[in-house]
Amino acid sequence: NVLIAWQQFGSNAQVNILLQKLNNEGVAIWNVNKIVQYVPSKVENLALDSDNDSNIFLSWTSKDNFSTKKYVFLQKLTPTGEKVWKEPIKVATAHDSLKNFTFTSVSDLKVDKKGNAYFLFGRKDVTTGLVEPFYQVVNSDGKKNWEDGKQIIRDRGMFMLEDYDVDLAVNKKDSTAYITW
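The present account deals with the structure reproduced in this document.

The rules behind each value
Residues numbered from 1 in each chain as written. Predicted model: local features only at pLDDT ≥ 70, side-chain atom pairs only at ≥ 80, totals over all residues. Heavy atoms only, no water. Helix = DSSP H or I, 4+ residues; strand = E, 2+ residues; numbered from the N terminus. Contact = heavy atoms within 4.5 Å. Core = buried A, V, L, I, M, F, W, Y, C linked by side-chain atoms within 4.5 Å. Buried < 20%, exposed > 50% of the residue type's maximum accessible area, 1.4 Å probe, protein only. Salt bridge = Lys/Arg side-chain N within 4 Å of Asp/Glu carboxyl O. Pairing = 2+ DSSP bridges. Axes fitted to C-alpha atoms, helices over the stretch in contact; angles between N-to-C directions.

Right, let's get into the side chain of Q20. Inspection of the secondary structure puts Q20 in strand β2 (residues 15-22). Apart from residues no more than four positions distant in its own chain, Q20 is found in contact with V2, L3, I4, W6, A28, I29, W30, V32 and N33.

See below:
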C-alpha cells in the first residue's frame, strides 16, 4: 500500500491536510479522503511514516489558529486513517525563549517499531543567517522528550540555509537514532 498526503486550499484561505491510502495498483482504499487537519495557512513539509502496527504518522509545518509563528505538528492515525489524538502535537517552534531564531522546517521524520517519532529540523539564527539543526522525539503516547527540541550542535558546524543537508536514520531494531550533516 501507498500513503499520500497533500494540502487542499478551501474557503476563507483555510487549508485542509488530506490523506489517502492506495493499493499496489494505485486504486484508493478508503472511500473518502481523510481530513487530517484544518489549518489557517499554507502547509509546508508534509512527511509520512508508519510503525510496525501500521499506525500512520504525519507531520507538517504551519501556523496555528492563534499565532503568527510556525510550528512543527504531528498527528498519529490508525491504519484506517482515524485520528488517535484529538489535536495534533506541537513538536517545536521558535518561541519566545529562542528570540534569536526563526523557524525553518522539518527535514526528516522517522518512526521506530514502538511508535516513537523522531524529528530533525532547522532553526535559522536571524543574527547570523545560519541554520542550526535540532532534534525532537515524541513517544507513542504523544509526549515530547524536550519542550522545544534539542540543539544538536552549538557554534561549530553551523551552515548556510542553501547547504542545509542533514539526514536522520533510526535503527528499527534498537531505536538508536543516527544524524549526519
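The subject of this paragraph is the nonpolar core. The biggest cluster of nonpolar side chains holds 15 residues, and the ones touching the most others in it are L74, V91, L109, A117, F119 and V138. Beyond its immediate sequence surroundings of up to four residues, V91 is in contact with V72, F73, L74, F119, Q136, V138, K144, E147 and D148. W30, V36, V43 and W60 belong to the second largest nonpolar core, which has 13 residues in total.

Now for the pattern of salt bridges. For the structure on display, the rule yields three salt bridges. K34 is the salt-bridge partner of E82, the closest N and O atoms lying 3.0 Å from each other. Of this pair, E82 sits in the loop between β6 (70-77) and β7 (89-93) while K34 is found in strand β3 (residues 34-39), placing the two residues 48 residues apart along the sequence. On the basis of relative accessibility, which here comes to 41%, the residue E82 falls in the partly exposed class.

A separate point is the pairing of β7. On any regular strand, side chains alternate: one points to one face of the sheet, the next to the other face. With four of five residues buried, β7 lies mostly within the body of the structure. Where β6 and β7 come together, four bridges link them in antiparallel fashion. Bridge pairing links Y71 to T93 in β7.

In terms of burial, β2 is largely enclosed, as eight of its eight residues are buried. Covered by surrounding structure in β2 are V15, I17, L19 and K21 together with N16, L18, Q20 and L22, the residues of both alternating faces. Bridge analysis of β2 against β3 gives five bridges, and the strand direction is antiparallel. Bridge pairing in β3 places L18 opposite I35.

Pairing is antiparallel across the open sheet formed by four strands, whose spatial order is β4-β5-β6-β7. The sheet is open, and its two borders are formed by β4 (44-50) and β7, each paired with just one other strand. Going from strand to strand, the sheet's axes swing by 20° on average, the running direction of each strand aside. As defined by bridge partners, strand β5 (residues 56-63) adjoins β6 across eight bridges and the pair is classed as antiparallel. In the sheet register, F57 faces β6, and the bridge partner there is K76.

With antiparallel pairing, three strands are arranged side by side in an open sheet as β1-β2-β3. Every interior strand has two partners, whereas the edge strands, β1 (2-9) and β3, have only one. Geometrically, the sheet is characterised by an average inter-axis angle of 20° between neighbouring strands, direction not taken into account.

Here the phi dihedral of S54 falls at roughly 70°; this positive angle occurs in a residue that is not glycine. Assignment of secondary structure puts S54 in the loop between β4 and β5. The phi torsion at S175 lies on the positive side, around 65°, for a residue other than glycine. Among the secondary structure elements, S175 is positioned in the loop between β13 (167-170) and β14 (177-180).

In short, the description is geometric, and any link to function would need to be established separately.
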